[in-house]
Amino acid sequence: MVLAFKNWWQHRWLRLVVTGIGFWFALFFTFAMASMLDRYNSGREFDHWQVLELYAVGFGHWVLLTPPIHYWSGTPRFVDASFGGKLLQSILMLIASLLVLIAYLLLVAAPVYGNPFNEFLESIRYEQWLWDLVLYVVVLMFGYQTAVLRRTREARLRAAELGKQLAEQQASLSAREAEYLRGRLGSHFVMNALSNLVGLMRLGQVRRAEEATILLSDILRNMTGGAVADECIPVHEELDDAQQYLNFQKIRFPDLDIDFRMTGEARDVPVPRQILQPILENVFKHGPRGAVKIQVVAEIQAGRLHLKVCNNMDYEAADTASDGEGMQLTKLRLESVFGGEYAVHREASGGSYKVTLSMPDMQNGGQA
């Protein structure tokens, strides 16, 4: 029985019909009961059936109007439109609703009340038209809010499914591969990313949350797709991964300014995969709260590869001495690949903070 009801409820047109009938019944019951109670309290005699008929027919047009208004206000064309687009569509829907209302008054209401259409139309008070306008806005906003909540729920389910897939992949790896994966993901990367998604949803930025979910899926696919033998990748692939991560952050921080520079000599030099990830995460963890400017440079100097990450930061807020989890992870990764033949230099000056990773050019046999 329950399963049959669920299958029946999956049909959208049935849900719309039920919504229309439910909205009409709520209006009919509320106003009819209020009118009868008012007449009881005033001691006036009245015909119960006449009052019920009055309000049943008086609000009957909402059985016709509610389904299309609710449906249209929940479509992507309306939800994704700009404010001006939503306003224009709302006006067009209001005009169409007015035509349906006039047809209903002509074909249903006036005959039921036994009045000629012109006289019946003139008898409608200004307050009644105003009430219908308010009810139109209520149905419109209800349909829009329902669509937004549905998208939010779907985005959360996709994020949960993404986390589940990642957990399953981690469980299937060997101990060495799992440890390597944790290093590549960086400190709390997944949790921070999911927190960004939740933050966008709470702000009502559902469309941006959907874009962020897709980018996060691509990032995690790149992170989990390589084998242990692929721990080192060419510089241009590492910069592509960094660009993808910054595109993800740009959805949360629209004012993010990104600048990538790479010399031809550095393009194919092998570097540890995701070596820039913890450094870029630290920019958003410790960097400025306003507009963020990030420059990433890859170049060869004196036979060594230099990867530089520079961002804007107040000199007093910069810390070039202590090592957080991200910097410790970076040094451990460089140590495992290059031994002692690497260097990490941090400096803060002129309103900017720069981290430089120096390592041998393994493509051309460079040494420390």
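Residues numbered from 1 in each chain as written. Predicted model: local features only at pLDDT ≥ 70, side-chain atom pairs only at ≥ 80, totals over all residues. Heavy atoms only, no water.

Further remarks concern the sheet that holds strand S7 (residues 352–360). Here five strands make up an open sheet; going across it, the order is S2-S4-S5-S7-S6 and the pairing mixed. The sheet is open, and its two borders are formed by strand S2 (257–262) and strand S6 (343–349), each paired with just one other strand. For this sheet the average axis-to-axis angle between neighbouring strands, irrespective of direction, equals 15 degrees. As defined by bridge partners, S6 adjoins S7 across seven bridges and the pair is classed as antiparallel. (Pairing = 2+ DSSP bridges. Helix = DSSP H or I, 4+ residues; strand = E, 2+ residues; numbered from the N terminus. Axes fitted to C-alpha atoms, helices over the stretch in contact; angles between N-to-C directions.)

Running from N to C, helix H13 (residues 277–286) and helix H14 (residues 325–338) cross one another at 165 degrees; their axes reach a closest spacing of 8 Å. As the angle between them shows, H13 and H14 are arranged roughly antiparallel. As for the relative orientation of H13 and H14, their crossing is left-handed in sense. Only Gly-326, Met-327, Leu-329 and Thr-330 of H14 make contact with H13, whose side of the interface consists of Pro-278, Ile-279 and Asn-282. Considered class by class, the residues forming the contact of H13 with H14 number four nonpolar, three polar and no charged. (Parallel < 35°, antiparallel > 145°, perpendicular 65-115°, else oblique. Left-handed = near helix turned anticlockwise from the far one by under 90°. Contact = heavy atoms within 4.5 Å. Nonpolar A, V, L, I, M, F, W, Y, C, P; charged D, E, K, R; others polar.)

What follows is about the packing of aromatic side chains. Within this structure, the stated rule accounts for nine aromatic pairs. Ring centres 5.8 Å apart and planes at 85 degrees place the aromatic pair Phe-23 and Trp-62 in the edge-to-face group. Residue Phe-23 is found in helix H2 (residues 12–42), and its partner Trp-62 is found in helix H4 (residues 61–72); the two are separated by 39 residues along the sequence. Each ring, one from Phe-31 and one from Trp-131, has its centre 5.6 Å from the other, and the planes form 85 degrees; the classification is edge-to-face. A residue pair is termed long-range when its members are at least 10 positions apart, and Phe-31 in helix H2 and Trp-131 in helix H8 (residues 126–172) qualify at 100 residues. Overall, the relative accessible area of 46% leaves Trp-131 in the partly exposed class. (Phe/Tyr/Trp six-rings, centres within 6.5 Å; stacked < 30°, edge-to-face > 60°. Buried < 20%, exposed > 50% of the residue type's maximum accessible area, 1.4 Å probe, protein only.)

Among the nonpolar cores identified, the biggest contains 32 residues, and Leu-276, Leu-280, Ile-294, Leu-305, Leu-307 and Leu-357 are the most heavily contacted of them. At the level of elements, helix H12 (235–252), H13, strand S4 (293–301), strand S5 (304–312), H14 and S7 are the ones that each hand at least two residues to this core. With residues near it in sequence (within four places) discarded, Leu-307 still touches Val-235, Val-271, Ile-275, Leu-276, Val-297, Ala-298, Val-355, Thr-356, Leu-357 and Met-359. (Core = buried A, V, L, I, M, F, W, Y, C linked by side-chain atoms within 4.5 Å.)

Moving on, we get to the side chain of Arg-151. With respect to the helices and strands, Arg-151 occurs in helix H8. Not counting residues within four places of it along the chain, the set of residues in contact with Arg-151 comprises Pro-76, Val-79, Asp-80, Val-206 and Glu-210.

All right, on to the pattern of salt bridges then. A complete count under the given rule lists four salt bridges for this structure. With a closest N to O distance of 2.7 Å, Arg-151 and Asp-80 form a salt bridge. Within this pair, whereas Arg-151 is found in helix H8, its partner Asp-80 is found in the loop between helix H5 (76–79) and helix H6 (83–113), the two being separated by 71 residues in sequence. Note that Lys-308 and Glu-299 form a salt bridge whose closest N and O atoms lie 2.9 Å from each other. Grouping residues by exposure puts Lys-308 and Glu-299 together as buried. (Salt bridge = Lys/Arg side-chain N within 4 Å of Asp/Glu carboxyl O.)

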